[in-house]
Amino acid sequence: MGTVYVTREDAFLGKNDERLTVKASKETILDVPLLNVEGVVIFGRGSVSPALVIELLERHIPLSFVTSTGRYLGRLEPEMTKNIFVRRAQWQAAGDSPKAIHLVRGFVRGKLKNYRNILLRRQRDRKELDLQTAIACLEAAIGSIETTSALALSYVEGIDSLRGLEGAGSAAYFSCFDSLILGDTFTFTSRNRRPPRDPVNSLLSLGYALLRHDVQSAINLVGFDPYLGYLHYQRYGRPSLALDLMEEFRAIVVDAVVLNGVNHPYLTPEHFTTELLSGAVSLTREGLQIFLRLYEQKKQSKFKHPVMGKQCTYQEAFEIQARLMAKYLMDETDKYPPLILK
């Protein structure tokens, strides 16, 4: 089953013995064993019974709340794991730390290399496209990652330089994201959010919100404090470490799902609505169900992990990368390898 996504506004989630039930309009629309549930995401104003809340906490199953337009609101999760050793290593690396720079270098390198590989594949498939400028910019940023952090005079200078390279590489990638979209039904001009004002940005924002739920669940399971990160600035209530680890998964999970949805096309313009006052674009209920199905299929698809050398799902890869990060921080390995797929 994986993650249960509830999209009905009038849905009521309850517990019946060892099963999770979802009812709407006095009808049972879902009845699954809790043993098969890895997470629950509620869109809109669905309600949850106290008995189910207790059961989810006891089973360490995260429950996240997202608006009907896909904006992440928050989550309910069990007590932090008892692995104090992971958190101690995480906190010891904070601040002026070579380990922090090493991790940030890995997050940024992984993200930009995955961006580059996507554009290289697209260039091979569509030789009439000219993506060389963006690819060259990404390769220049990747080549500067090691040099920049090695020559930095301080921790702050090193991290800020890496943030600058990440920003430049992301800008280059999204400057030609429209070239990855087939046909002329959907177009992409630039990245916009809060609110997203076109269908493609709406899908990207929703996908990143779902990815945040999954990655934060993985780092909580390993024992990290999700609010202490290294790449993203620390702010009240921001799960910076989850956002850090998300970076290497953005292109290979969410962007891949978005392009799959609009290129086949599983999604059409009729699956989107626009809010008159704010201009926010969001999916219809039918469109949301299609996108959630595509996202879950992607998470459960398998690939050969380049470091572990074995088949795993993307859902499993979230936890694998979190555990590799923990091993590095606890001096069990001498480096952190980001997930890079060709």
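Below or above, wherever it landed, is the structure these notes cover. (Residues numbered from 1 in each chain as written. Predicted model: local features only at pLDDT ≥ 70, side-chain atom pairs only at ≥ 80, totals over all residues. Heavy atoms only, no water.)

### Quick look at the overall build of the protein
Phase 1: Within the protein one finds ten helices and twelve strands.
Phase 2: Its C-alpha atoms give the protein a radius of gyration of 20 Å, near enough to 20 Å, the size a compact globule of 342 residues would have.
Phase 3: Expressed as lengths along the three principal axes of its C-alpha atoms, the size of the protein is roughly 65 × 50 × 40 Å.
Phase 4: Within the protein, the proportion of its 342 residues that are buried is 54%.
Phase 5: Counted over contacts in the protein with a minimum sequence separation of 6, partners at least 24 positions apart contribute 62%. (Helix = DSSP H or I, 4+ residues; strand = E, 2+ residues; numbered from the N terminus. Rg over C-alpha atoms; globule rule 2.2 N^0.38 Å. Buried < 20%, exposed > 50% of the residue type's maximum accessible area, 1.4 Å probe, protein only. Contact = heavy atoms within 4.5 Å.)

### Digging into the packing of aromatic side chains
Phase 1: Taken as a whole and judged by the stated rule, the model has eleven aromatic pairs.
Phase 2: Plain terms: the ring middles of phenylalanine 177 and phenylalanine 188 are 5.1 Å apart, the flat faces sit at 65° to each other, and that makes the pair edge-to-face. Taken together, the residues phenylalanine 177 in the loop between helix H5 (155-175) and helix H6 (199-222) and phenylalanine 188 in the loop between H5 and H6 connect sequence positions eleven residues apart.
Phase 3: For phenylalanine 177, a relative accessible area of 0% corresponds to the buried category.
Phase 4: For phenylalanine 188, a relative accessible area of 5% puts it in the buried group.
Phase 5: When the ring of phenylalanine 186 is compared with that of phenylalanine 272, the centres are 5.8 Å apart and the planes differ by 70°; the resulting orientation is edge-to-face. Placement of the pair is phenylalanine 186 in the loop between H5 and H6 and phenylalanine 272 in strand E9 (residues 272-274), with a sequence separation of 86 residues. Note on accessibility: phenylalanine 186 and phenylalanine 272 belong to one class, buried. (Phe/Tyr/Trp six-rings, centres within 6.5 Å; stacked < 30°, edge-to-face > 60°.)

### Details of the environment of histidine 305
Phase 1: Structurally, histidine 305 can be placed in the loop between strand E11 (302-304) and strand E12 (311-313).
Phase 2: It is 8.4 Å that separates the C-alpha atoms of histidine 305 and leucine 341, two residues lying 36 residues apart in sequence.
Phase 3: Among residues more than four places away in sequence, those in contact with histidine 305 are Lys310, Cys312, Ile320, Gln321, Leu324 and Leu339.
Phase 4: From its side chain, histidine 305 meets the backbone nitrogen of methionine 308 in a polar contact 3.2 Å long. (Polar contact = N/O pair within 3.5 Å; in protein donor to acceptor, adjacent residues only side chain to side chain.)

### With respect to helix H8 (residues 250-263)
Quick reminder: α-helices carry 3.6 residues per turn. Residues three or four places apart thus point the same way.
Phase 1: Between its first and last C-alpha atoms H8 spans 18 Å; for 14 residues at 1.5 Å apiece the expected length is 20 Å, and the two agree.
Phase 2: The largest bend along H8 measures about 30° and falls at alanine 256.
Phase 3: Counting buried positions along H8 gives eleven out of 14 residues, so the element sits mostly inside the fold.
Phase 4: Considered for burial, the residues of H8 that qualify are Arg250, Ala251, Ile252, Val253, Val254, Asp255, Val257, Val258, Leu259, Gly261 and Val262. (Expected span 1.5 Å × (residues − 1). Bend = angle between axes of the 7 residues up to and from the residue.)

### Considering the layout of surface pockets
Phase 1: The computed volume of the largest pocket comes to approximately 1,200 Å³.
Phase 2: For the largest pocket, the lining is made up of 33 residues, of which Arg191, Arg193, Arg194, Leu243 and Arg250 are closest to its centre.
Phase 3: Contributions of two or more residues to the lining of the largest pocket are made by helix H3 (98-125), H5, H6 and helix H7 (240-246).
Phase 4: With six residues, H6 is the largest single contributor of residues to the lining of the largest pocket.
Phase 5: What lines the second largest pocket is a set of 30 residues, among which His60, Pro62, Ser217, Ala218 and Leu221 lie closest to the centre.
Phase 6: The dominant element in the lining of the second largest pocket, judged by the number of residues it contributes, is H6, at six residues.
Phase 7: The class makeup of the residues in the lining of the second largest pocket is 13 nonpolar, eight polar and nine charged. (1 Å grid on protein atoms, 1.4 Å probe; cavity = no way out; pocket = protein on both sides within 12 Å on 5 of 7 lines; lining within 4 Å. Points joined across faces, edges and corners; volume = space filled by probe spheres on them. Nonpolar A, V, L, I, M, F, W, Y, C, P; charged D, E, K, R; others polar.)

### Here's the deal with the sheet that holds strand E6 (residues 47-48)
Phase 1: One open sheet accounts for four strands, arranged E4-E3-E2-E6; its pairing is mixed. Every other strand in the sheet has two partners, leaving strand E4 (27-33) and E6 as the edge strands with one partner each.
Phase 2: Relative to strand E3 (residues 19-24), strand E2 (residues 12-16) runs antiparallel, the two being bridged by five bridges. Paired with leucine 13 across the strands is valine 22, a residue of E3.
Phase 3: Against the sheet, helix H1 (residues 50-58) touches E2, E3 and E6, its axis set at about 70° to E2. (Pairing = 2+ DSSP bridges. Axes fitted to C-alpha atoms, helices over the stretch in contact; angles between N-to-C directions.)

### Examining the pattern of salt bridges
Phase 1: Considering all chains together, one arrives at 13 salt bridges under this definition.
Phase 2: One salt bridge connects arginine 19 with aspartate 31, and the closest N-O pair in it is separated by 2.5 Å. Here the residue arginine 19 occupies a position in strand E3, and aspartate 31 occupies one in strand E4, the gap between them amounting to twelve residues.
Phase 3: With a closest N to O distance of 2.7 Å, arginine 59 and glutamate 55 form a salt bridge.
Phase 4: Residue classification places arginine 59 among the partly exposed positions, given a relative accessible area of 29%. (Salt bridge = Lys/Arg side-chain N within 4 Å of Asp/Glu carboxyl O.)

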